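For reference, the chains in residue letters:
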Amino acid sequence: MESIASFLLQSLNPATAKQAEQQLKAAESQPGFSLLLLQIVASGADNGTRQAAALYFKNFVRTNWADDDDKKISESDRGSIKREIIGLMISVPPLLQVQLGEAVSIIADTDFPHNWDTLIDDLVSRLSPDDMVRNNGVLQTAHSIFKRWRSQFRTDELFTEIKFVLDRFCVPYLQLFTRVDELISSTTDRAALAMLFQTLHIIVKIFFDLNCQDIPEFFEDNMPQCMGLMHKYLTYANPVLNTDDDEEAGPVEKVKAGICEVVELYTQRYEEEFSQLPEFVNTTWSLLTTTGLEAKYDLLVSRAMAFLTSVVKVQRHSALFSSEDVLRQFVEKIILPNMSLREADEELFEDDPIEFIRRDLEGSDSDTRRRSATDLVRGLMEQFEKSVTSVVTQYITFYLDQYAADRASNWKSKDTAVYLLTAIAAKGVVSQLGVTSTNMMVDVVDFFTKNIAPDLTASFDEVHPILKVDAIKYIYTFRNQLTKEQLVSIFPILVNHLQSPNYVVYTYTAITIERILFLKRQNAMLFNKADIQPFAKDLLEQLFRLIEQADTPQKLAENDFLMRAVMRVIITSRDNIVALTSMTIEHLTKILIEISKNPSNPRFNHFVFESLGALIRFVVPTSPAALSQFEALLFPPFHAILGQDVTEFIPYVFQLMSQLLEAHAAGDLPDSYKVLLAPLLTPALWDSRGNIPPLVRLLQAFLLRGGNVVVENNQLQGILGIFQKLVASKLNDHYGFDLLETVFASVPVAALQPFVKQIFLLLLTRLNSSKTEKFTLRFVVFVYYLAGLQKEGAGPDFVVASIDSVQPGLFGQLMQAILLGDAQKVKGNAERKICALGMTRFLSDSTALHSEPYQKIWMPLLTALLKLFELPMEESKGDDEIEEVDVEDVTFQASYSRLGTAGKTKADPFAAVPEPKRFLAEQLTKVDAASGGQIVATIKSGLPADAQVVLKGYGMSL
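Everything numeric in this text was worked out from a predicted model, so none of it was measured. (Residues numbered from 1 in each chain as written. Predicted model: local features only at pLDDT ≥ 70, side-chain atom pairs only at ≥ 80, totals over all residues. Heavy atoms only, no water.)

Student: I would appreciate a short explanation of the overall build of the protein in the present structure.
Tutor: Of regular secondary structure, the protein possesses 44 helices and four strands. A globule of 958 residues ought to have a C-alpha radius of gyration of about 30 Å, and the protein, at 33 Å, matches this closely. Each of the three principal axes of the protein carries a C-alpha extent, and together these read 95 × 70 × 65 Å. Classification of the 958 residues of the protein by burial places 55% in the buried group. Element-wise, carbon and sulfur atoms account for 51% of the exposed surface of the protein, whose accessible area totals about 40600 Å². If the 90 positive side-chain charges of the protein are averaged to one point and the 120 negative ones to another, these points end up 4 Å apart. (Helix = DSSP H or I, 4+ residues; strand = E, 2+ residues; numbered from the N terminus. Rg over C-alpha atoms; globule rule 2.2 N^0.38 Å. Buried < 20%, exposed > 50% of the residue type's maximum accessible area, 1.4 Å probe, protein only. Areas by Shrake-Rupley, 256 points an atom, 1.4 Å probe, with all protein chains shown as cover. Lys, Arg positive; Asp, Glu negative; His and termini not counted. Charge placed at Lys NZ, Arg CZ, Asp CG, Glu CD.)

Student: Which parts of the structure should I look at to understand the side chain of Asp 804?
Tutor: Secondary-structure assignment places Asp 804 in helix H38 (residues 796-806). Although buried, Asp 804 forms no salt bridge, and the nearest oppositely charged side chain, Lys 856, lies 11 Å from it. In this structure the side chain of Asp 804 is engaged in a polar contact, spanning 2.9 Å, whose partner is the backbone nitrogen of Phe 811. Among residues more than four places away in sequence, those in contact with Asp 804 are Gly 809, Leu 810, Phe 811 and Tyr 854. (Salt bridge = Lys/Arg side-chain N within 4 Å of Asp/Glu carboxyl O. Polar contact = N/O pair within 3.5 Å; in protein donor to acceptor, adjacent residues only side chain to side chain. Contact = heavy atoms within 4.5 Å.)

Student: Would you take a moment to explain the environment of Leu 814 for this structure?
Tutor: Relative to the elements of secondary structure, Leu 814 occurs in helix H39 (residues 810-819). Since its relative accessible area comes to 8%, Leu 814 is described here as buried. Separated by 50 residues in the primary sequence, Leu 814 and Leu 764 have C-alpha atoms spaced 9.7 Å apart. Here Leu 814 is in contact with Leu 764, Leu 767, Phe 779, Ile 803 and Leu 819, once residues within four sequence places are set aside.

Student: Please clarify how unusual backbone geometry should be interpreted in this entry.
Tutor: Residues apart from glycine generally show negative phi values, whereas peptide bonds are mostly found in trans. Along the chain, Phe 112 connects to Pro 113 via a cis peptide bond; the corresponding omega equals 0°. Along the chain, Pro 113 falls in the loop between helix H6 (94-111) and helix H7 (119-125). Each neighbour pair has its own omega, and for Glu 852 with Pro 853 the value is 5°, a cis peptide bond. For Gln 522, which is not glycine, the phi dihedral falls at a positive 55°. The exposure class assigned to Gln 522 is exposed, which follows from its relative accessible area of 81%.

Student: Would you take a moment to explain the pattern of salt bridges for this structure?
Tutor: As a working rule, side chains carrying opposite charge can pair if their charged atoms are close by. For the structure shown, the criterion picks out 50 salt bridges. Through salt bridges with shared partners, a single ionic network connects Asp 298, Arg 342, Asp 345 and Arg 369.

Student: I keep staring at helix H19 (residues 369-405) and nothing clicks. Help me out?
Tutor: Think of an α-helix as 3.6 residues a turn; residues three or four steps apart then line up on the same face. Here H19 spans only 28 Å end to end across 37 residues, well under the 54 Å set by a 1.5 Å rise per residue. Phe 384 marks where H19 bends most, by close to 125°. (Expected span 1.5 Å × (residues − 1). Bend = angle between axes of the 7 residues up to and from the residue.)

Student: Help me understand the environment of Asn 713 in this model?
Tutor: Inspection of the secondary structure puts Asn 713 in the loop between helix H33 (692-712) and helix H34 (716-727). Each C-alpha atom, one on Asn 713 and one on Asp 121, is 61 Å from the other, the two residues being 592 residues apart in sequence.

Student: Help me understand helix H2 (residues 17-27) in this model?
Tutor: Taken residue by residue, H2 has Ala 17, Ala 20, Leu 24 and Ala 27 as its buried positions. Down the axis of H2, the buried set is contained in an arc of 85°. They therefore lie on one face. Turned more than 90 degrees from where H2 packs its buried face, Gln 19 and Ala 26 sit exposed. For H2, the secondary structure elements touched by its buried residues are helix H1 (2-10), helix H3 (33-42) and helix H4 (47-64). (Arc of directions from axis to C-beta.)

Student: For this particular structure, what's the right way to read the packing of aromatic side chains?
Tutor: The way to describe two aromatic rings as a pair is by their centre distance and the angle between their planes. Enumeration over the complete set of coordinates arrives at 43 aromatic pairs. Taking 5.4 Å as the distance between ring centres and 65° as the angle between the ring planes, the aromatic pair formed by Phe 398 and Tyr 399 counts as edge-to-face. Stacked on the ring of Phe 164, the Lys or Arg Arg 168 has its end atom at 3.7 Å from the ring centre. The residue whose ring lies beneath Lys 484 is Phe 527, and the NZ or CZ to ring-centre distance is 5.8 Å. (Phe/Tyr/Trp six-rings, centres within 6.5 Å; stacked < 30°, edge-to-face > 60°. Lys NZ or Arg CZ within 6 Å of the ring centre and 35° of its normal.)

Student: When you look at the side chain of Ser 846 in this model, what are you seeing that I'm missing?
Tutor: Structurally, the position occupied by Ser 846 is in the loop between helix H40 (829-845) and helix H41 (858-870). A residue is classified by how much of its surface remains accessible, and Ser 846, at 1% relative accessible area, is buried. Within the local environment of Ser 846, its side chain forms a polar contact with the backbone nitrogen of Ala 848, the two atoms lying 3.2 Å apart. Look past the residues within four positions of Ser 846 in its chain and what remains in contact with it is Pro 796, Asp 797 and Arg 841.

Student: Any chance you could explain a negative patch on the surface here in plain terms?
Tutor: A grouping of Asp 244, Asp 245, Asp 246, Glu 247, Glu 248, Glu 294, Glu 343, Glu 347, Glu 350, Asp 351 and Asp 352 is seen on the molecular surface, where their side chains present a negatively charged patch. Structurally, Asp 351 can be placed in helix H17 (residues 343-351). Residue classification places Asp 351 among the exposed positions, given a relative accessible area of 65%. (Patch = residues over 30% accessible without salt bridge, like charges linked within 9 Å, V, L, I, M, F, W, Y side chains within 5 Å.)

Student: Hey, could you run me through the packing of helix H5 (residues 75-89) against H6 in this one?
Tutor: Between two packed helices, what matters for the description is the angle formed by their axes and the separation of those axes. It is the contact of H5 with H6, at a shortest axis distance of 10 Å, that shows an interaxial angle of 150°. With respect to H6, the axis of H5 lies roughly antiparallel. For the element pair H5 and H6, the recorded crossing hand is left-handed. Of the residues in H6, those touching H5 at Ile 81, Lys 82, Ile 85, Ile 86, Leu 88 and Met 89 are Gln 97, Leu 100, Gly 101, Ala 103, Val 104, Ile 107 and Asp 111. Taken together, the residues of the contact of H5 with H6 sort by class into nine nonpolar, two polar and two charged. (Axes fitted to C-alpha atoms, helices over the stretch in contact; angles between N-to-C directions. Parallel < 35°, antiparallel > 145°, perpendicular 65-115°, else oblique. Left-handed = near helix turned anticlockwise from the far one by under 90°. Nonpolar A, V, L, I, M, F, W, Y, C, P; charged D, E, K, R; others polar.)

Student: In this structure, what is going on with the environment of Thr 589? I would like to understand it.
Tutor: Here Thr 589 lies in helix H28 (residues 581-595). Separated by 49 residues in sequence, Thr 589 and Phe 638 place their C-alpha atoms 9.9 Å apart. Ignoring any residue separated from it by four or fewer positions in sequence, one finds Thr 589 in contact with Leu 633, Leu 634 and Pro 637.

Student: Whenever I open this one, the packing of helix H31 (residues 650-662) against helix H32 (residues 671-680) confuses me. Can you help?
Tutor: One way to put it is that H31 packs onto H32 with a least axis distance of 13 Å and a crossing angle of 140°. Accordingly, the angle class assigned to the pair H31 and H32 is oblique. Note that H31 runs across H32; the crossing there is left-handed. Every residue of H32 that contacts H31 at Phe 654, Met 657, Leu 660 and Leu 661 is listed here: Tyr 673, Leu 676 and Leu 680. Considered class by class, the residues forming the contact of H31 with H32 number seven nonpolar, no polar and no charged.

Student: I tried to follow the confidence of the model for the protein on my own but got confused; where do I start?
Tutor: A low pLDDT score tells you not to read the predicted coordinates there in detail. The pLDDT averaged across the protein works out to 91; a share of 96% of its residues lies at or above 70. In this model residues 877-894 is a low-confidence stretch, pLDDT under 50, and it forms 36 contacts with partners more than four residues away in sequence or in other chains. (pLDDT = per-residue confidence, 0-100.)

Student: Help me out: how do you make sense of the state of the cysteines in this one?
Tutor: Simply put, the disulfide is a covalent bond whose two ends are the sulfur atoms of two cysteines. All chains considered together, the criterion is met by zero disulfides. Among the cysteines around Cys 212, which has no disulfide bond, Cys 170 carries the closest sulfur, lying 12 Å off. Cys 212 sits in the buried class, given a relative accessible area of 4%. Summary of cysteine pairing: Cys 226 is not part of a disulfide, and the nearest cysteine sulfur, belonging to Cys 170, is at 8.9 Å. (Disulfide = S-S within 2.5 Å.)

In structure tokens:
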């Protein structure tokens, strides 16, 4: 335990982190490793070591609990973890509770309730009437389990799980809710109240969890008591809990915000049962009109407005808001104060511009006052479009007149006017596409011409930077409403704004340019390579200048919006980027070298590699000489990334290496790649799941360009060892088949012969011991692939002999049990074509199927092939398997994010046969002629008449 604790401590120090992580990785396979981590969490070690242990434990569980092919967590360890983790959870500090709570949620996702039916009883038994520290641990654990339900689809299995919880948890939950209320009412001690409100906050969150899918009978029966408590704390005020901090929400604000979420849920889902709704509406109105503008109230105000938005959308409550006087009060007292720019917003614009942008962007996760006020306007518009448009338009005119009277002093008035106009004009909003429909009573193009265009064309010092941002954002928002001609005329003005000295201005410019270039009209890209060509050089130079002006790797990678724009310019330019290849690749290489020193922003990193992939994709086919230039520039940083084990980047490097190698002709395996093959076969490299997809692709590229080299260097056995590891894994077996098919395609059969029996033994053992639908169908495709393969030593009789070498007569058993029936379940046109060609080769080329004991298989095989051609694909039952790790989870471990620009088109191994049906007829006709008419005679005597008609339709004479 001491050595593991030491490695964990060293992992916190950048100077020793890499080596410590390698030591920990090696220790993972030791028996009881996960329990050692929990012991360190529970120990008296320093807080840093305990936090590192909790974090490592959570990630270890995430990686290995659901799919543990390497058996890193034994069954006994799993039982011990489930017995001990709840007790540990409630005894450690809150920071550790968060990590352990997430681990519990991960375990519960797999095991609860069927393989962990004591969990809820264990939690309930640990609740205390007085110890809130203990209760917070229990409740935080419960919340980490229950919150999973919020995003899940309604299924019988889900409702069974929820009922299992409700039956055991509801009564003690409400008792604790009541007890906390009693304690709050009876104490004036600040520390005690703060702790109680922490507890109350989790109680409110759990209330949402328990009600998120359907209203439970328990809560329906106890609604007066529950909603009475909710209303009490929505109106609660206590000077003792007031905080001096104007930025961070205090405990009371967090509880009130949670209550607003609950009543919003009840309004949207259970409005008929929610008789207390009018009371909450009045209270929320009062709350919104009396709450200050300080940032600490932002979350509360946003959630309160979200609740009112849900109310105004309910048809039977619309009468409450239908009069113009009420609508005007809505605008004056709630919408305008929360849509106007505050001093705190200006400070954020200046001091933390990237955070300002992330909060401000449409579709972001931030609950800002402006966004919530906009949503409220749009909610009112759904019911009273004409009245709301009339009222808000009057205020827009008022604010624009204020601005016109004194532009220097009243620039905020115009900012408010633009936001109000956007709120009433935009109806359908999709973050990827912009506004998809608009209010017919608002002319967005006319407003642009009169009020936005002047700010765009003004110099940077003539207009306040926030108004510049408003103007650019207006284009971003209404890009769908502008014609291509209008956008083309705006484009040079936008490009010029990349020279702005203001961070938000030039970043919003990059965002808008990128989204304009992404626009589609009638399923085609609106902007093509000719449209972007006049601007491409200037755009890339400006974007690279802005990215590279940072003084640290972290700062350089901060602004992923700029890097995304670089990627989009390259993609839009397509092969026209050839003229800018040297400049672009040099900048991208320089950036790559910098960010690899300390990867900090996964999105920025991804766009860098996408940009490189796009450059390779569009330049190499039209300028083959560029291939060696790319390799010369990229291989040094690639080797450095691999040598320094920059885990976040390694999967990307393998994808780009694959792309570069695939650009070489078949048989062309340069020496610079040959030296990489041995290191790529190192088992440790294949332990990271994120490496597996790109590594398999890279090995496939090696084999297809140097299969003979692999054999000559005695590396075939190493590659087959990788296949063995992959095919044993339910998660990665499909990659094993991909690799194996390429091995057979690229390596002489004679060189493979010593391994063939063992290969089939491995496949058949897996088929027998832990068969899954996915594995079975890949096995079916593989067998038919080998049968259809046209190379010396291969073909259908090779398949029969190979399978029978494991056990005589086994081929016939597999045909009857799997190969005949399951071909109909195979998905994908390419895969079904492989099956069809393989089956055809069995029928026409196999001597084994024309003699005993397999002669009787011939007619059922022909029947199965005709079904494959003519009948719809059968639905497979599925395995509920996760085939790939979560591509979003790139923070704590290397994962696989596929590069769209470096994508590989799946080759058709049988491209020489364009029409499989005609091919079947031709092959059968050929073998019939050679057999003196025996095939036709067999078909006529054994194949049903309707099937014979089908076969004639393929071109066969019967």
